[in-house]
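Secondary and tertiary structure notes
This is what each chain is made of:
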Amino acid sequence: MKLPVSSRTIAILLSLLIASVLTALAWLGPTLPLQQGVLAAGITVAACFLLLYLLFEALIFREINNIYASLEHVKRKEFRRMSNKFLFRPEPLKRIRDEIVAMAQRKQQEIDELKRLQVLRREFLADVSHELKTPIFAAQGFLHTVLDDEDLDSFTRQKFLRKAATSLDALDTLVQDLVTISQLEKGVVRMRRQTFDLVELVHEIFEQLERKAALRQVSLELEPAGLSGNGAPVLVLADRNRIRQVLINLIDNAIKYGRDSGHVVVRLQETGKAVRLSVRDDGEGIPKQHLNRIFERFYRIDKSRSRESGGSGLGLSISKHIVEAHKSSIQVQSEIGQGTTLEFKLPKPRKPLPAAPKSTGPHAE
């Protein structure tokens, strides 16, 4: 059985004990009647309780205030000032224990989060070193072959130099993507919002990726469902170049990971003050355990894919930051064997105010 331990409980027990002793002595004494003995016992209990209670409160709360003073330095970032409303209340040590336990739980959560970020940092450093190493070693090998072998004919020399240039171009693209992500995370890159037609932009991207789609016999389709007629303009207010970059990444991934002789569908749908844009493929789909990580830098679902076939893993991460800079977010829906859909919203431009009617007074012509 667990007894409550507090200053009030201790004071009551001690008061009863002292009063019992004094009452017994007074009752046994020949000069004190029974009625006066009971009255003396009551006064003794009250006096002992008051004195002992105040004594314990003063001693205990002096230590408690010292503990609070120490905790204040730790909690300064969480609480501006400590409250004094706890003084002269029962079970103060239990409250402090609960507060310390709660603080320890918060600190443990912070430690766990730091450990998780540490793991991600190590993975990122390993991935970025691998991605940088691949084009550097390739270009280095081709250049050293040209420099070391003086008997190479002109055709082979030019071939190796072109391959080295291609590897360096890939390295430059990778570095530029890393710089872009860093700038987007810091908020350095500002979105230059303007009104433009999404239908026109999607058709431009289809023409740009038409050859890549033809190699896999993938058809590119635009579905302006819910709009007033096919080909009708769909106006949004956003950074056209950045949204173009997002759509190229999403449609290129849909072509790459969709089925051969399949379909990639871009759908535009007006929803109130925004336009919902989705890109759907009919590929194998993404397992559930990967859905929360596909927007991480350098993350690949299939680790065995080469960089040429699987990309560097930065496209979706860049797209995520660009969409979030437009106060939106990319949602992903995928089922095994049913394909994948990625969608986000963009705001519509504000409609201009109607022009005021011209005056029709007697002097108007």
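The sections below set out a description of the structure shown in this document. Small disclaimer: the values here were computed from a predicted structure and weren't measured. (Residues numbered from 1 in each chain as written. Predicted model: local features only at pLDDT ≥ 70, side-chain atom pairs only at ≥ 80, totals over all residues. Heavy atoms only, no water.)

What to know about helix H5 (residues 198-208)
- Here H5 has its buried residues at Leu 198, Val 199, Leu 201, Val 202, Ile 205 and Phe 206. For H5, the angular spread of buried residues about the axis comes to 160°, placing them on one side.
- With a side-chain oxygen lying 3.1 Å from the backbone nitrogen of Val 199, the N-terminal cap of H5 falls on Asp 197. (Buried < 20%, exposed > 50% of the residue type's maximum accessible area, 1.4 Å probe, protein only. Helix = DSSP H or I, 4+ residues; strand = E, 2+ residues; numbered from the N terminus. Arc of directions from axis to C-beta. Polar contact = N/O pair within 3.5 Å; in protein donor to acceptor, adjacent residues only side chain to side chain.)

A look at the packing of aromatic side chains
- Scanning all chains against the criterion turns up one aromatic pair.
- Ring centres of Phe 142 and Phe 160 lie 5.6 Å apart, and the angle between their planes is 45°; on these two criteria the pair is classed as tilted. With Phe 142 in helix H3 (residues 92-148) and Phe 160 in helix H4 (residues 154-186), the pair connects residues that are 18 residues apart, well separated along the chain.
- Residue Phe 142 is classed as partly exposed on the basis of its relative accessible area of 22%. (Phe/Tyr/Trp six-rings, centres within 6.5 Å; stacked < 30°, edge-to-face > 60°.)

Observations concerning the environment of Glu 343
- Turning to its location among the elements, Glu 343 is positioned in strand E7 (residues 339-347).
- Relative accessible area serves as the criterion here: at 15%, Glu 343 is assigned to the buried category.

Considerations on the side chain of Glu 343
- A polar atom in the side chain of Glu 343 sits 3.2 Å from the side chain of Arg 276.
- Apart from the residues within four sequence positions on either side, Glu 343 is in contact with Arg 276, Leu 277, Ser 278, Ser 329, Ile 330, Gln 331 and Gln 333. (Contact = heavy atoms within 4.5 Å.)

Focus: the side chain of Asp 281
- Turning to its location among the elements, Asp 281 is positioned in the loop between strand E5 (274-280) and helix H8 (288-291).
- One buried charged residue, Asp 281, forms no salt bridge at all, with the nearest opposite charge on Arg 259 at 7.6 Å.
- Polar side-chain contacts of Asp 281 include one of 2.9 Å to the backbone nitrogen of Gly 283.
- Setting aside residues no more than four positions away along its own chain, Asp 281 makes contact with Ala 254, Gly 258, His 263, Gln 338, Gly 339 and Thr 340. (Lys, Arg positive; Asp, Glu negative; His and termini not counted. Salt bridge = Lys/Arg side-chain N within 4 Å of Asp/Glu carboxyl O.)

Structural notes on the nonpolar core
- Within the largest apolar cluster, 49 residues are counted, with the highest numbers of intra-cluster contacts made by Leu 198, Leu 247, Ile 251 and Phe 344.
- Breaking this core down by element, the ones donating at least two residues are H4, H5, strand E3 (235-238), helix H7 (240-257), strand E4 (263-271), E5, helix H10 (315-325) and E7.
- Counting residues per element, this core draws most heavily on H7, at eight residues.
- Sequence-distant contacts of Phe 344, that is, excluding residues within four places in its chain, are made with Val 246, Leu 247, Leu 250, Val 275, Arg 276, Leu 277, Val 323, Ser 328, Ser 329 and Ile 330. (Core = buried A, V, L, I, M, F, W, Y, C linked by side-chain atoms within 4.5 Å.)

Focus on a negative patch on the surface
- On the surface, Asp 148, Asp 149, Glu 150 and Asp 151 cluster together to form a negatively charged patch.
- On the secondary structure map, Asp 148 appears in helix H3.
- For Asp 148, a relative accessible area of 63% puts it in the exposed group. (Patch = residues over 30% accessible without salt bridge, like charges linked within 9 Å, V, L, I, M, F, W, Y side chains within 5 Å. Areas by Shrake-Rupley, 256 points an atom, 1.4 Å probe, with all protein chains shown as cover. Charge placed at Lys NZ, Arg CZ, Asp CG, Glu CD.)

Structural notes on the pattern of salt bridges
- Inspection of every chain in the model, using the stated rule, returns 10 salt bridges.
- Note that Glu 113 is salt-bridged to Arg 116, the shortest N-O span being 2.8 Å. Here Glu 113 and its partner Arg 116 are both found in helix H3, three residues apart, which amounts to about one turn of the helix.

Focus on the sheet that holds strand E2 (residues 219-223)
- Ordered by their spatial adjacency, five strands build an open sheet running E2-E4-E5-E7-E6, and the pairing between neighbours is mixed. Of all strands in the sheet, those bounded by a partner on one side alone are E2 and strand E6 (331-335). The sheet shows a mean angle of 15° between the axes of neighbouring strands, direction not considered.
- Pairing between E6 and E7: five bridges, direction antiparallel. Residue pairing across strands places Ser 334 opposite Thr 340, the latter belonging to E7.
- Strands E2, E4 and E5 of the sheet are contacted by H5, whose axis makes an angle of about 180° with E2.
- Where H7 meets the sheet, its contacts fall on E2, E4, E5 and E7, and the angle it forms with E7 comes to roughly 170°. (Pairing = 2+ DSSP bridges. Axes fitted to C-alpha atoms, helices over the stretch in contact; angles between N-to-C directions.)

Some words on the environment of Lys 348
- For Lys 348, the location among the structural elements is in the segment after E7.
- Taking the C-alpha atoms as reference points, Lys 348 and Val 275, separated by 73 residues in sequence, lie 6.7 Å from one another.
- If we ignore the near neighbours within four places in the chain, the residues touching Lys 348 are Leu 235, Val 236, Leu 237, Glu 270, Gly 272, Lys 273, Ala 274 and Val 275.
- Polar contacts involving the side chain of Lys 348 include one to the main-chain carbonyl oxygen of Gly 272, which spans 3.0 Å.

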